[in-house]
Protein chains: 2
Amino acid sequence: MSPSLPVGPTAQTSCADCPAALSGPCQWFAPCLRDKIVAASIHRRFRQGETILPGGQVPARVGIILSGLVKICTIDEHGNDHVLQILHPGEMVGDPFGASVPFSFDAATDATLCLTQRAPMKEAFDRHPDSYAAHLRIAMRQQLELHFAQLSMRGRNSLQRIAYWISTQTPEAGPDRVLSVRILLSRRDLASLLEMTVETLSRNLHQLEDRGVIRIVTPERLEILDATRLRLMARFQDARLKDALQRQGWEWGARAVNLPRFSARGTRADQPTLRQ
Amino acid sequence: MSPSLPVGPTAQTSCADCPAALSGPCQWFAPCLRDKIVAASIHRRFRQGETILPGGQVPARVGIILSGLVKICTIDEHGNDHVLQILHPGEMVGDPFGASVPFSFDAATDATLCLTQRAPMKEAFDRHPDSYAAHLRIAMRQQLELHFAQLSMRGRNSLQRIAYWISTQTPEAGPDRVLSVRILLSRRDLASLLEMTVETLSRNLHQLEDRGVIRIVTPERLEILDATRLRLMARFQDARLKDALQRQGWEWGARAVNLPRFSARGTRADQPTLRQ
DNA sequence: CGGTATTTTGAACTATCTCAACTGGGGTGG
DNA sequence: CCACCCCAGTTGAGATAGTTCAAAATACCG
């Protein structure tokens, strides 16, 4: 078993169709290190509702989601839990550096995870400082996603939030090119994620149906009849964001918007930052 | 100017009382690199409401907040902006690795920032891979804070949210040991941050006063009369979280809570993860 | 089929928003 | 110096989205 072989025999079967193979941490490491990690990995199936990692724990392993959905949730003092975020295949459960997160990670659907011992992974990180940068990028991206999720709630009513959520789901194109979305989450989880009661969720879904935007085939299967109107209702801001990304060449403090009463006051003296 | 000198003459005045001196990125680097960065830094004052960094820009500099508060905000299509997060002295504005963030950073109060050219800082990061780890830790902490902020909204009514916000502020002990809080944010910003209108904010503050929990000395100065009741109203979960952190020795999938219909079904066959 | 869990519907209730008017302090200009 | 203005903050009253509680309907599974 020479260390130059990319993957060992056990790994070959495991990693061939791994959704994290391209995005996850496994590919940051040199083959020899990767082998070690793979050797320390196990696949494990979790049933819907099962707790994968309870809050406040520092687990001996980190997990990468292979299939299914994982919900980050917190249980308040009344026993009702709030879904904060949904994690998809390829994303990580648990911090590889051993930080304890005070939220519980539960299987939102039946799910399989690739569990890796944290110790060898930590070692691999230390030997490959580059991997820190890679992991950092991912962390920043997740934070950005969180900000967006937060944004998708602000100033939106329940109908708009559902419309938004549906339009973020990647639809499957059916036989006659009808776009359909499968709701993998239970009504309870989805309602909690979208900050509303199951009742309003149900009512609003049917309101969307009444307005001819979607069709509820079965409770877990929707057809999107009017994608444009759906996005309008969701107040999708793609356009605005793209615009923002295109404006270039900004410098610090070059523009002041939203001036309250200071507009006329104050010295415009020191503007040390323009150019370079 | 030998590279072994910890700080150059310009820096000495600047960095002596820097709030980021202990927590910020400056202290991750070796003195010689730090000098270079300090040489490329400028202090700059921003007035309340001034835009420090508009959304979607990749600035040539990153800033560290020295004093004042910075709001991360986004302007929706109707022109009203939503405050997503408040940054405090010591925290960073702009990504040192040049990621463009689609949110605008505005001065919530008059504020001073230490602006550093991104290029030399990036260089310092690359030469000191350890600094990646340090920065990663900070990123994770910020993400955790975000999750908490999100949590502080869920399932809470406006009164509870204000109570929560007040109890997160660090109070100053007055002369006769009366705890007082200075509200640096405008009502508009605070209301936006807490997801309510200025009217409800005002009403709820006065309701807290009527209930004898706080006293509104001036619109921007509160006295906390009953800290215990305030925390109760805020539904502070410190206790629960501490509990969670104390439970140790957890392993993956050892416990299943919240079992829906799968409780009786399914094989309990493969539990490959216990011990080690 | 029969029992159970989930989803949907209904109707009363309530927190929050909206719109509009009022207040008071600080700065401005006569 | 005083009157005025302007704006942030406060208060009031009506409108409404969303909750709550309760019950019916549907889907799921042995």
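To start, this report covers the structure provided alongside it.

Reading the values: rules and limits
- Residues numbered from 1 in each chain as written.
- Chains lettered and ligands numbered in written order.
- Predicted model: local features only at pLDDT ≥ 70, side-chain atom pairs only at ≥ 80, totals over all residues.
- Heavy atoms only, no water.
- Helix = DSSP H or I, 4+ residues; strand = E, 2+ residues; numbered from the N terminus.
- Buried < 20%, exposed > 50% of the residue type's maximum accessible area, 1.4 Å probe, protein only.
- Contact = heavy atoms within 4.5 Å.
- Areas by Shrake-Rupley, 256 points an atom, 1.4 Å probe, with all protein chains shown as cover.
- Pairing = 2+ DSSP bridges.
- Axes fitted to C-alpha atoms, helices over the stretch in contact; angles between N-to-C directions.
- Salt bridge = Lys/Arg side-chain N within 4 Å of Asp/Glu carboxyl O.
- Near = heavy atom within 4 Å.
- Polar contact = N/O pair within 3.5 Å; in protein donor to acceptor, adjacent residues only side chain to side chain.
- Nonpolar A, V, L, I, M, F, W, Y, C, P; charged D, E, K, R; others polar.

If you tally the helices and strands in chain A, you get nine helices and twelve strands. Counting all 276 residues of chain A, 49% fall into the buried class. A separation threshold of at least 6 residues defines the contact pool for chain A, and within that pool the share at least 24 residues apart is 68%. For chain A, the accessible area works out to roughly 13,400 Å², and carbon and sulfur atoms hold 55% of it.

Residues and elements named next belong to chain A. Here His-43 is to be found in strand 1 (residues 41–46). Using a relative accessible area of 37% as the deciding quantity, one classes His-43 as partly exposed. Put simply, His-43 and Gly-212 are 169 residues apart on the chain and 43 Å apart in space, counted from C-alpha to C-alpha.

What follows concerns the sheet that holds strand 6 (residues 92–93) of chain B. All names here are of chain B. The four strands are arranged 1-8-3-6 in an open sheet whose pairing can be described as antiparallel. With partners counted over all chains shown, the strands left at the sheet margins are strand 1 (41–46) and strand 6, one partner each. Direction of pairing for strand 1 relative to strand 8 (residues 111–117): antiparallel, over a ladder of six bridges. Within strand 8, the residue paired with Arg-44 across the bridge is Leu-113. The sheet strands contacting helix 3 (residues 118–127) are strand 3 (61–67) and strand 8, and the helix crosses strand 8 at an angle near 65 degrees.

Another point: the pattern of salt bridges. Oppositely charged side chains can pair when the atoms bearing their charge come close. As enumerated under the stated definition, the model contains 18 salt bridges over all chains in all. Of the charged contacts in the structure, one is a salt bridge between Glu220(B) and Arg182(B), with a shortest N-O distance of 2.8 Å. Note that Glu220(B) is positioned in the loop between strand 11 (214–218) and strand 12 (221–224) and Arg182(B) in strand 10 (residues 179–182), a separation of 38 residues in sequence. Using a relative accessible area of 37% as the deciding quantity, one classes Arg182(B) as partly exposed. One salt bridge in this structure joins Glu223(B) and Arg215(B), with 3.3 Å as the shortest N-O distance. Arg215(B) gets classed as partly exposed once you look at its relative accessible area, which sits at 39%. Several salt bridges converge on common partners, so that one network encompasses Arg45(A), Arg47(A) and Asp110(A).

Contacts to DNA strand C come from 14 residues, most closely from Arg187(A), Arg203(A), Asn157(B), Ser158(B) and Thr200(B). Thr197(B) is positioned with one of its side-chain polar atoms (N or O) 3.3 Å from a phosphate oxygen of DNA strand C. Between DNA strand C and the protein, one listed contact pairs a base nitrogen with a side-chain N or O atom of Glu199(B) at 3.0 Å. Those elements that place two or more of their residues in the surface near DNA strand C are helix 7 (198–210) of chain A together with helix 7 (198–210) of chain B. Across the surface near DNA strand C, the residue classes tally to one nonpolar, six polar and seven charged.

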